[in-house]
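# Analysis of the macromolecular model
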Amino acid sequence: MWKNTCKLLLFDLDGTLLQSDKTISKRTLSVLKQCREKGILIGVSTSRSEQNSLVYLNELMPDILISSGGALVKYGTEYIYKAEFSVAETNNMIDMARAVCGEDCEITIDTTDSHYWNYKIDPKKLDQSWGESIYTDFTDFSECALKMCVEIFDQNKADELAHKLPECDCVRFSDGYWYKFTRKNVTKENAIIKITEVCGFGTESIIAFGDDYADIGMLQLCGTGVAMGNAIDEVKDKADVVIGSNDEDGIAVFIENEII
């Protein structure tokens, strides 16, 4: 049913296009190549920063990139949308996170060019795909943020921080205690609207794939929302289709059967 109507395949990365070992299967890469040969655009929509996705972007060469949860949108080689916090706003967010969650809370900041962190353990030792991230203690930080993430173990504190940052959208990641803060109304789904404005087709021509809370709006907006077999129940409940997991070549099987 999608063979003649799909114009864009749009993929979340972690838990979706990426297997648990943080690689893209050869089978999936092969079917995406076949889709591109049929004129279907390939897109990535991730909460990762662009810099933290480079190993995959160099492999995929996507036509469309939505990164930092929708704060940065790229069509081809051109940035068509950027939602930054000023340096002063960024520092206020960091200060507020520390005031609510403790001076030693772990924080990451995405900028257009870099990914900064103050982890106690170097993230590159845990996940080599994470790219050239930069350690900082965030003292006198002088960059404009696209996204801040904070590790918060107490839901009440997470709610308090979200309340004290009313200019932000706050979304939790399901695989831990991390919360993502972007500028208000900066979401994957609103980034998709920016894409349709330059691509010349509507959201009904997009098939989107995801697994986590930040993907729900994207899956509901697009013509077909596809949940991975490993997705959280909230995503499966909102999706049009549930496929095999990210470790079972769920995406490749779906595309082979329904599109190619």
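Structural data are supplied above this passage.
Because the structure is a prediction, the values reported are computed rather than measured. (Residues numbered from 1 in each chain as written. Predicted model: local features only at pLDDT ≥ 70, side-chain atom pairs only at ≥ 80, totals over all residues. Heavy atoms only, no water.)

Turning our attention to the sheet that holds strand 6 (residues 107-110). The strand order across the open sheet formed by six strands is 8-7-6-9-11-10, and the pairing between neighbours is mixed. The open sheet has two edge strands with one neighbour each: strand 8 (134-135) and strand 10 (168-172). Sheet topology note: the strand 9 (residues 147-151)/strand 11 (residues 178-183) ladder contains four bridges and is antiparallel. Residue pairing across strands places Cys149 opposite Lys180, the latter belonging to strand 11. Packing of helix 6 (residues 155-164) onto the sheet brings it into contact with strand 9, strand 10 and strand 11, and relative to strand 11 it is tilted by some 5°. (Pairing = 2+ DSSP bridges. Helix = DSSP H or I, 4+ residues; strand = E, 2+ residues; numbered from the N terminus. Contact = heavy atoms within 4.5 Å. Axes fitted to C-alpha atoms, helices over the stretch in contact; angles between N-to-C directions.)

So, on to the pairing of strand 10. Of the pairings in the sheet, the one linking strand 10 to strand 11 comprises five bridges and is antiparallel in character. Note that in strand 11 the partner of Asp169 across the bridge is Thr182. Counting the residues that bridge the hairpin from strand 10 to strand 11 gives five residues.

Attention shifts here to the pattern of salt bridges. Counted under the stated rule, the structure contains 11 salt bridges. Between Glu256 and Arg27 there is a salt bridge; the shortest N-O distance is 2.7 Å. With Glu256 in helix 10 (residues 250-258) and Arg27 in helix 2 (residues 26-37), this pair connects stretches of sequence that are 229 residues apart. For Glu256, a relative accessible area of 30% translates into the label partly exposed. In this structure, Asp110 and Lys147 form a salt bridge, with 3.1 Å as the shortest nitrogen-oxygen distance. In this pair, Asp110 is assigned in strand 6 and Lys147 in strand 9, connecting sequence segments 37 residues apart. Relative accessible area serves as the criterion here: at 0%, Asp110 is assigned to the buried category. What makes Lys147 buried here is its relative accessible area of 5%. Each of Asp12, Lys188 and Asp215 takes part in one network of salt bridges that share partners. (Salt bridge = Lys/Arg side-chain N within 4 Å of Asp/Glu carboxyl O. Buried < 20%, exposed > 50% of the residue type's maximum accessible area, 1.4 Å probe, protein only.)

This paragraph deals with unusual backbone geometry. With a phi close to 50°, Ser68 is a non-glycine residue in the positive phi region. Residue position: Ser68 is located in the loop between strand 3 (64-67) and strand 4 (72-75). By relative accessible area, which is 1% here, Ser68 ends up buried. Positive phi outside glycine occurs at Asp140, with the angle close to 55°. With respect to the helices and strands, the residue Asp140 is situated in the loop between strand 8 and strand 9.

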